[in-house]
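Chain and residue survey
Below are the chains, spelled out letter by letter.
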Amino acid sequence: MAYAAPHTQPLETSTGVDNRKLLMWLFLGSEALFFGSLISAYLLYRNRNLTGPFPRELYDIPFTSVSSFILLMSSVSMVLALAAIQRGDIRRMRIWLVCTALLGILFLSGQAYEFTGFYDRGLSLRTNLFGSTFFVLTGFHGAHVSIGVIILLSVWVRSLQGKIKQSDSLTIELIGLYWHFVDIVWIVIFTLVYLLTGR
Amino acid sequence: MSHRGIWLRRVLIGSLLLGTLLIFSSCSGIVSGGQNTLAPEGSVAGRQRDLFLLVVWPAAAIFVLVEGLIILIIWRFHHRKGDDTLPRQVHGNPALEIAWTIAPAVLLAIVAVPTLAGVVTLGATPSKIGTTVNVSAARWVWSFSYPDVKDSSGQPVTGPPNELHIPAGQNVEFIITSQDVIHSFWIPKLGGKTDAVPNRQNRMWLKADRPGEYSGQCAEFCGALGSEGHATMRFRVVVQTPEAYRAYLQGLASGSPQAVANQGGN
Amino acid sequence: MARAIPGRSPVTMADALRQARGAGEPYRGIWSWFSTVDHKKIGIMYGVAAFLFFLLGGVEALLVRIQLAAPNQDFLSPDQYNAMFTMHGTTMIFLVVMPLGVAFMNLLIPLMIGARDVAFPRLNAFSFWVFLLGGLFLNVSFFTGGNFFKGELGAPNTGWYGYAPLTENAFSPGNGVDFWMLGVQILGIASLAGGFNFIVTILNLRAPGMSLFRMPVFIWMSLVTSFLLIFAMPVLAVAMFQLMFDRLFGANFFNAAAGGTPLLWQHMFWIFGHPEVYILILPAMGIISEILPTFSRKPLFGYPFVVFSGIAIGFMSWGVWAHHMFTTGLGAAANSAFGVSTILISVPTGVKIFNWLATMWGGKLRLTTPMYFAIGFIAMFTIGGLTGVTHSAVPSDYQQNDTYYVVAHFHQVLFGGAIFGIFGGIYYWFPKFTGKMLHDGWGKVNFWMMLIGFNLTFQPMMVLGILGMPRRIQTYPDNLGWNFWNALATVGAFVIAASVLVFIYNVIISLRNGAEAGNDPWDARTLEWSIPSPPPEHNFDEIPVVHSVDDFWHRKYVEDPKGRPVPVPAGAAVATHQDGRDGGHGHGIHMPSPSYFPLISAVGLPTIAFGLIYSYALIPVGVIILAVGLYGWVLEPVSE
Ligand code: HEA
Ligand code: HEA
Ligand code: CUA
Ligand SMILES: [Cu+2]
């Protein structure tokens, strides 16, 4: 993907970080402002709701804790996938990648279940401020997880075709960075949106 | 080359003069009526004008300094025909640079003091209020109601649309809101504007020096439909003696539109 | 006015072309432009497209001015007028000044830092195509309101910052605002892609020896701008998404009836919007920081100061956004805080003005057209900056806000600053990228007409604002003393338009029979002048090794004991470094191969946007196009 710089460059004129990795960090920095804005909007509006349903009527903290835990575990398996490819163990990597993707899908199913539950109890995007801010925030997060799952599965398919080698470990590392970021964002959302202001 | 330098200088000076002329002609208030904010007729607008001028003069000085330096530099240092040497290569001078960082900072700190004082004074309604007016904006009408006097149903009396009455010489508080989109309540001769925001009550106060008629105008873009719209969302401000103002409110209370119309102009 | 450089004979056009064409196969033919990943071609396309949009935005401005030339006119209906200024503002900001800045960054960053291309050439192409398609998408809206030729315009008409709740369905039915929010969203993606790419390029691809503090100031300003881009655009994206959910799916973000506050929009918009104005000006400041030293024949005065003040501006620009909201009733505490931060931000800008003046001081100024524009920048931007400072005295802004005084302020900085800087840049680097000099005489005609037109157009607006004329009104009564000043501004606008025509004429005649540029027509200081004009596809036959700021200059001159530069003896300079004619002729240098996938991926975005407006069935089509493009992109073998 990247057009690599000549190898002759001394370190001082480069960060020493691979181009693609630097790109990923910058992208995540930008994403941080994206989610920061969404979360701020949620927090700003949480006490302005005129009509129900209100967060405290809907949140099921134990359930969401479990799904948060699942997402957290997916980060662990992501770490293991990276460690595997760095060792050159493509087979293990493949397993852990699928594992990560499945955990992601499990999380998404949990979110789908939560969304339908909320919807059945009268909360939609249109209902009130809570509905709008909640669904848009968590929806965008879910979309990020979904994209992550698609990437994971794509890489998995490529690796089944034998196209992923130990030298591609950077690719896995980058996917990992993205995945962990999306995870951390969820921790922030879970803490700020569900735990601290949910009641 | 040097004839070009002269040419350049002439035109530059010419256009700078033109620019300055434009700026100053307005400051001297060649146009006095209308909505000229430099010819205020109320204490709030007066204070805002004073603050503006307080900033404008140093700004004008900096303007003259910078433009003057440009002309001087072009005049003194333009390349002369036949001169093939290069100038001395100066890379910088930290002392000088620190000086021209600090100097503007100090100047600005001085300006900041009256600015802050102004924000505070104009931000809080004074304790002595002559009267209060509720201002409500909707596309594209202004409605004014006066809580000092209630009508038969106990509501503040409401005047005709787009016509505001206030007493002269008294602090008047406005409570401003909007029914639909954002508008902005503005009477240039009496003071700056405050936005009318739906779901929100903004406060502002003004004091008119003397009875008279002024024009007011919506200042936040609020759309258009057909020939009506933001541009036409204007209103008339009638400043009356306190007595005439009381009488006007009583007239509104007694529900006699005739009385209202008659007293409109006083 | 090409000047021969002691010690080197200018490379002929033929040489340059041979150089350019011999290097890479795909450098020729129309189709090569669609698949190019060459930063120079992308830069040229960015620049040309943005310039065409400038003409469009300018015509919109002329229509506005015709309508306002006299009181009580009905040349345009209120709706048409509102569409005009909305499209004018949106176009000028998002389709003109931003992309022109990006065009310069594309053209110059690799050349100035001694790299062969940007870090991600295909991402770069993607950025351009997304920008172009986004701009076209936005302008399609003109034709969606019924019969365009009867003046039924579907274009957005809620102003360039589209304050909610005016943009909500209830007050803006029709799909103008939809085109606006989705179009700007698409353009944001282009900016983000550019921003990421430039940061990585600058941080990672510098030639050996080019440490951060040996980078040209333009590169520094590009770096700061890119950081502002990647942090500001996502905030705007969220605001636009919220509006989108409100309009298309009935959410309540800006619905007052549900308890929402329209001020949320304003905060989000201006948290983006203020950094944005520095995104618009910093590249121009970088440009003139290159032009002034070259023609003063002296190094930039206080390089570190200029760099640090640029960085300071970058940081401080995040803390002043609410100065656009002084009249919204934020309260005395917020107004004071933002008033003070706004006052403070003038300091780093002032530093630059004085450093530029000191650069010229003691020099031997060669008053060429680029130099005219650079001096014009300093002279005119200062006026705009000072009017900005008068805004920051909060209570007086209560009078100025939403009047022509603000309109005057931002045109003074945007036209007198950004546009002057950009024109200076065009005159300065045109020879490098075309091999031909722009005609200096016509250039000066261009400059003077533009300067006079600019002052005639925008200084009267300052007066109008003081006389209480609000902005965004299509008609005004004739008894307020505004007639004369409005007429003057209209005349001025046409003088500007004429100056632009002179510019276009100059470009045409200069491309046909302009003087040959040679490698280094200005006796300049930075690396791009060390290679042929136009540069070969691979830029540098051999990556240069950098020893100091203005490295190229120091290869040409050494300083005598008194600090006066003396030219390096003829021949020596050529011997010590590549002048592009000897060496590898670019053979054996691997350049990234062309690719259609960026273009394909880019097509997906407006397709999705059309789908959101007209028929959800199009959305999957767009998503598939996007996915095909991206998969192809990732899986495509990169040339080895
Ligand atoms: C290129 C873009 C650009 C730039 C660089 C600036 C620069 C500045 N702007 Fe401007 N601004 C805009 C583009 C820009 N602005 C736009 C587009 C809007 C309106 C948007 C809209 O409403 O549509 C706007 C609106 C705007 C407002 C809101 C007005 C209102 O709506 O009520 C304010 C308020 O404070 C402001 C302030 C400033 C200040 C203090 C600076 C400072 O950075 C200026 C600093 C420069 C100088 C001061 C001059 C040089 C300095 C010296 C020579 C040193 C000595 C100086 C002193 C001691 C004072 N600007
Ligand atoms: C960089 C930004 C930029 C630039 C360069 C300009 C340039 C100009 N602007 Fe712009 N303007 C804005 C940014 C800019 N503007 C913004 C952000 C707004 C706020 C919008 C809003 O309120 O929402 C605004 C608003 C605005 C208004 C206020 C409208 C209102 O509030 O009602 C006016 C009024 O006169 C105006 C005038 C002009 C004029 C006369 C020019 C001239 O300088 C234009 C000169 C250019 C040309 C004239 C082009 C030349 C074209 C030709 C020669 C035709 C040739 C054609 C072919 C070959 C096909 N502008
Ligand atoms: Cu109401 Cu503008
Ligand atoms: Cu600003």
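Residues numbered from 1 in each chain as written. Chains lettered and ligands numbered in written order. Predicted model: local features only at pLDDT ≥ 70, side-chain atom pairs only at ≥ 80, totals over all residues. Heavy atoms only, no water.

1. Observations regarding the overall build of chain B
- Assigned secondary structure in chain B consists of five helices and twelve strands.
- Of all 266 residues assigned to chain B, the portion counted as buried reaches 49%.
- Taking the contacts inside chain B whose residues are at least 6 apart along the sequence as the reference set, 67% of them involve residues at least 24 apart. (Helix = DSSP H or I, 4+ residues; strand = E, 2+ residues; numbered from the N terminus. Buried < 20%, exposed > 50% of the residue type's maximum accessible area, 1.4 Å probe, protein only. Contact = heavy atoms within 4.5 Å.)

2. Focus on the pattern of salt bridges
- Applying the stated criterion across every chain, the model contains 22 salt bridges over all chains.
- Close ionic contact of Arg-49 of chain B with Asp-50 of chain B constitutes a salt bridge, the shortest N to O distance being 3.2 Å.
- In this structure, the salt-bridge partner of Arg-203 of chain B is Glu-173 of chain B, at a minimum N-O distance of 3.1 Å. In this pair, Arg-203 of chain B is assigned in strand S8 (residues 202–207) and Glu-173 of chain B in strand S5 (residues 171–178), connecting sequence segments 30 residues apart.
- The exposure class of Arg-203 of chain B is partly exposed, given its relative accessible area of 49%.
- Each member of the salt-bridge network shares a partner with another, and the members are Arg-297, Asp-520, Asp-523 and Lys-556 of chain C. (Salt bridge = Lys/Arg side-chain N within 4 Å of Asp/Glu carboxyl O.)

3. Concerning the site of ligand 1
- Close contacts around ligand 1 come from 34 residues, with Trp-160, Tyr-278, Asp-397, His-409 and Arg-471 of chain C the closest.
- Per-site note: the chains with residues close to ligand 1 are chains B and C.
- A distance of 2.7 Å separates an oxygen atom of ligand 1 from a polar atom in the side chain of Asp-397 of chain C.
- Here an oxygen atom of ligand 1 and a side-chain polar atom of Asn-401 of chain C are 2.9 Å apart.
- Every element with two or more residues in the shell around ligand 1 is listed here: helix H2 (43–77) and helix H3 (94–123) of chain B together with helix H8 (263–296), helix H10 (332–360), helix H11 (369–392) and helix H13 (404–434) of chain C.
- Counting residues per element, the shell around ligand 1 draws most heavily on H10 of chain C, at seven residues.
- Each residue belonging to the shell around ligand 1 can be placed in one class, and the counts come to 20 nonpolar, twelve polar and two charged. (Near = heavy atom within 4 Å. Polar contact = N/O pair within 3.5 Å; in protein donor to acceptor, adjacent residues only side chain to side chain. Nonpolar A, V, L, I, M, F, W, Y, C, P; charged D, E, K, R; others polar.)

4. With respect to the domain arrangement of chain B
All names here are of chain B.
- When its domains are assigned, chain B resolves into domain 1 (36–75 + 95–124) and domain 2 (131–262).
- The centre of domain 1, based on its C-alpha atoms, is set 33 Å off from the matching centre of domain 2.
- Facing 13 residues of domain 1, the contacting portion of domain 2 comprises 13 residues.
- Summed over both sides, the interface of domain 1 with domain 2 buries roughly 1000 Å², with 48% coming from carbon and sulfur.
- Looking only at domain 1, the three residues that lose the most surface to domain 2 are Glu-41, Ser-43 and Val-44, adding up to 49% of its buried area.
- Here Glu-41 makes a salt bridge to Arg-210, at a shortest N to O gap of 2.7 Å.
- For the pair domain 1 and domain 2, the number of links is eleven residue pairs in polar contact (both at pLDDT 80 or more).
- At the level of elements, H2 and H3 are the ones that each hand at least two residues to the side of domain 1 that touches domain 2.
- The element that contributes the greatest number of residues to the side of domain 1 that touches domain 2 is H2, accounting for four residues.
- Its residues assigned to classes, the side of domain 1 that touches domain 2 shows six nonpolar, six polar and one charged. (Domains from an automatic or database assignment. Buried area = accessible area lost by both parts, 1.4 Å probe.)

5. Comments concerning the coordination of the iron atom of ligand 1
All names here are of chain C.
- Exactly one protein atom donates to the iron atom of ligand 1; that atom is His-409 (NE2), 2.2 Å from the metal.
- Here the iron atom of ligand 1 and the copper ion (ligand 4) are spaced 4.6 Å apart.
- You can see His-409 is positioned in helix H13. (Donors = N, O, S within 2.8 Å, 3.2 Å for Na, K, Ca; no water.)

6. What about the coordination of the copper ion (ligand 4)?
- Protein coordination at the copper ion (ligand 4) comes from His-274 of chain C (ND1), His-323 of chain C (NE2) and His-324 of chain C (NE2), with a distance range of 1.9 to 2.1 Å.
- Here the donor residues of the copper ion (ligand 4) share one chain and are spaced in sequence as H-x48-H-H.

7. Points about the confidence of the model for chain B
All names here are of chain B.
- Per-residue pLDDT for chain B has a mean of 85; in total, 83% of the residues score no lower than 70.
- Within chain B, the lowest mean pLDDT, 48, falls on helix H5 (residues 257–263), and the highest, 96, falls on strand S6 (residues 183–187).
- Low pLDDT, under 50, characterises residues 27–32; the stretch is placed with ten contacts to residues that sit more than four places away or in other chains.
- Long-range and interchain partners of residues 258–266, a stretch whose pLDDT sits below 50, account for 15 contacts in this model, where long-range means more than four residues apart.
- Interface confidence for the predicted complex, given as ipTM, is 0.92, next to a pTM of 0.92. (pLDDT = per-residue confidence, 0-100.)

8. Details of helix H4 (residues 90–120) of chain A
Residues and elements named next belong to chain A.
- Taking 1.5 Å as the rise per residue, H4 with 31 residues should run 45 Å; its terminal C-alpha atoms sit 44 Å apart, in good agreement.
- Residues of H4 that are buried: Ile-90, Met-93, Leu-97, Thr-100, Ala-101, Leu-103, Gly-104, Phe-107, Gly-110, Gln-111, Glu-114 and Phe-118.
- Among the residues trailing H4, Gly-122 stands out with phi positive, at a value near 100°. (Expected span 1.5 Å × (residues − 1).)

9. Overview of the site of ligand 2
Residue and element names in this part refer to chain C.
- In the region of ligand 2, 35 residues are neighbours, and Tyr-81, His-88, Trp-160, His-411 and Arg-472 sit closest.
- Residue Trp-160 places a main-chain N or O atom 2.7 Å away from an oxygen atom belonging to ligand 2.
- Residue Arg-471 places a side-chain N or O atom 3.1 Å away from an oxygen atom belonging to ligand 2.
- With eight residues, helix H3 (residues 39–68) is the single largest residue contributor to the shell around ligand 2.
- Split by residue class, the shell around ligand 2 holds 26 nonpolar, six polar and three charged.

10. Things to note about the interface of chain B and chain C
- Taken together, the contacts link 92 residues of chain B with 107 residues of chain C.
- The three residues of chain B that bury the most area against chain C are Leu-86, Trp-100 and Phe-221 of chain B, which together make up 9% of that side's buried surface.
- At the boundary of chain B and chain C, one finds one salt bridge.
- Lys-364 of chain C is the salt-bridge partner of Asp-83 of chain B, the closest N and O atoms lying 2.9 Å from each other.
- Our count for the contact surface shared by chain B and chain C stands at 20 residue pairs in polar contact (both at pLDDT 80 or more).
- Elements that contribute at least two residues to the side of chain B that touches chain C include exactly helix H1 (2–27), H2, H3, strand S7 (191–196) and strand S9 (212–218) of chain B.
- Broken down by element, the side of chain B that touches chain C gets its largest block of residues, 19 residues, from H2 of chain B.

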